[in-house]
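# Geometric and topological summary
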Amino acid sequence: MLTLSEIAQHPEVLTYRLDTRDGTKTVFRPLVPADAEGLASFLAGLSPTSRRFSTFDGYGGEAARELCDAIARYDKLRFVLEDVRSARIVGLLELSLALTPGDIARYRAAGVALDERTDCRFGPTLADDHQGRGVGTLAFPLVVAAVRRLGRSRVILWGGVLADNARALRYYEKNGFRRFGSFVGADGSRSLDMMADLRELPDPVPASSPDRAMPSA
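Residues numbered from 1 in each chain as written. Predicted model: local features only at pLDDT ≥ 70, side-chain atom pairs only at ≥ 80, totals over all residues. Heavy atoms only, no water.

## Considering the confidence of the model for the protein chain
- The predicted model of the protein chain averages 91 in pLDDT, with 93% of residues at 70 or higher.
- The low-confidence segment residues 206-217, where pLDDT is below 50, has 34 contacts with residues more than four positions distant or belonging to other chains. (pLDDT = per-residue confidence, 0-100. Contact = heavy atoms within 4.5 Å.)

Okay, structure coming up:
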C-alpha cells in the first residue's frame, strides 16, 4: 500500500500519459512543489462559473503555494493534468483521506456508515477550455487506481456536487457514482451527495506500470 510520503518522494509511480480523442496529449501526475507558478495560473484562469462549481480558498499565487506546501504534510493527495505541448496545468484533481463530521452525518442520515479506513473524498476541477473534451473521463480510472493503492475502496464527492451542475452530474454518473441524498449550503444552493464503490468498478491500470500511455476516451 502506498503512503502520501512515498508518492511525494516518487511521483513517477502515479504518472501516466493520456491521449484524448482530439489528439491532445496530457500528463496525469501528482502535484509537486515546483508546480506553484503553473497552479497559480490555472486557478487565476478559472471562470466565475468554474469557481462557483469548484471553490478554493483563493485563486492566485498564495493559494497555489499553500497547496504545494501541503504536499505529504496532511491528509491530501492532489494530481494535476498537464498539457504536454504547452506544459500548462489544465486540471487539478483532489483526494482527501479524511472525512468531515458533516459528511459522516449526512451519509448516516442516508443509511450509509462512512469509515476513514475505507473511504475518501474526491474533487476534480478542469480549466474552462478543457471541459467536455474527454480528459476528465480518461483521468478518473487513474484516480481509482491511486485510491486503491492507498487502501481505500469507496469515494465520496468533496463537498457534494451542485444540483444544477448538469455536466458534472453526467460525468459522475458515467463513472459509477450513485446519489445518496441532498443538502442545502450556506448560500442556499442545493447539492447532491454521491458515492462510488470501487469494488464495483474495473481497474484498467496495472499498478506496476507508471507512465503508461492510456487510450483515447
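## Topic: the nonpolar core
- Counting residues in each nonpolar core, the largest one holds 56 residues, and the members touching the most others are F28, L39, L81, L95, F122, Y172 and F177.
- The leading source of residues in this core is helix α6 (residues 135-149), at 9 residues.
- For L81, the residues in contact, after removing those within four places along its chain, are L18, T26, V27, F28, R88, I89, V90, G91, L93, L126, V135 and A139.
- Formed by 7 residues, the second largest nonpolar core is a distinct cluster that contains L99, L114, I156 and F180. (Core = buried A, V, L, I, M, F, W, Y, C linked by side-chain atoms within 4.5 Å. Buried < 20%, exposed > 50% of the residue type's maximum accessible area, 1.4 Å probe, protein only. Helix = DSSP H or I, 4+ residues; strand = E, 2+ residues; numbered from the N terminus.)

## What about the side chain of D197?
- One can find D197 in strand β9 (residues 190-197).
- Reaching out from D197, the side chain makes a polar contact with the side chain of R199 at a distance of 2.9 Å.
- Sequence-distant contacts of D197, defined by excluding residues within four places in its chain, comprise S153 and R154. (Polar contact = N/O pair within 3.5 Å; in protein donor to acceptor, adjacent residues only side chain to side chain.)

## Considerations on the pattern of salt bridges
- Scanning the model with the defined rule gives 14 salt bridges in all.
- With a shortest N-O distance of 3.3 Å, K25 and D19 are connected by a salt bridge.
- Residue class for K25 comes out partly exposed when judged on its relative accessible area of 47%.
- Between R29 and D35 there is a salt bridge, and its shortest N-O distance comes to 2.7 Å.
- Members of the salt-bridge network, linked through shared partners, are D103, R106, R121 and D193. (Salt bridge = Lys/Arg side-chain N within 4 Å of Asp/Glu carboxyl O.)

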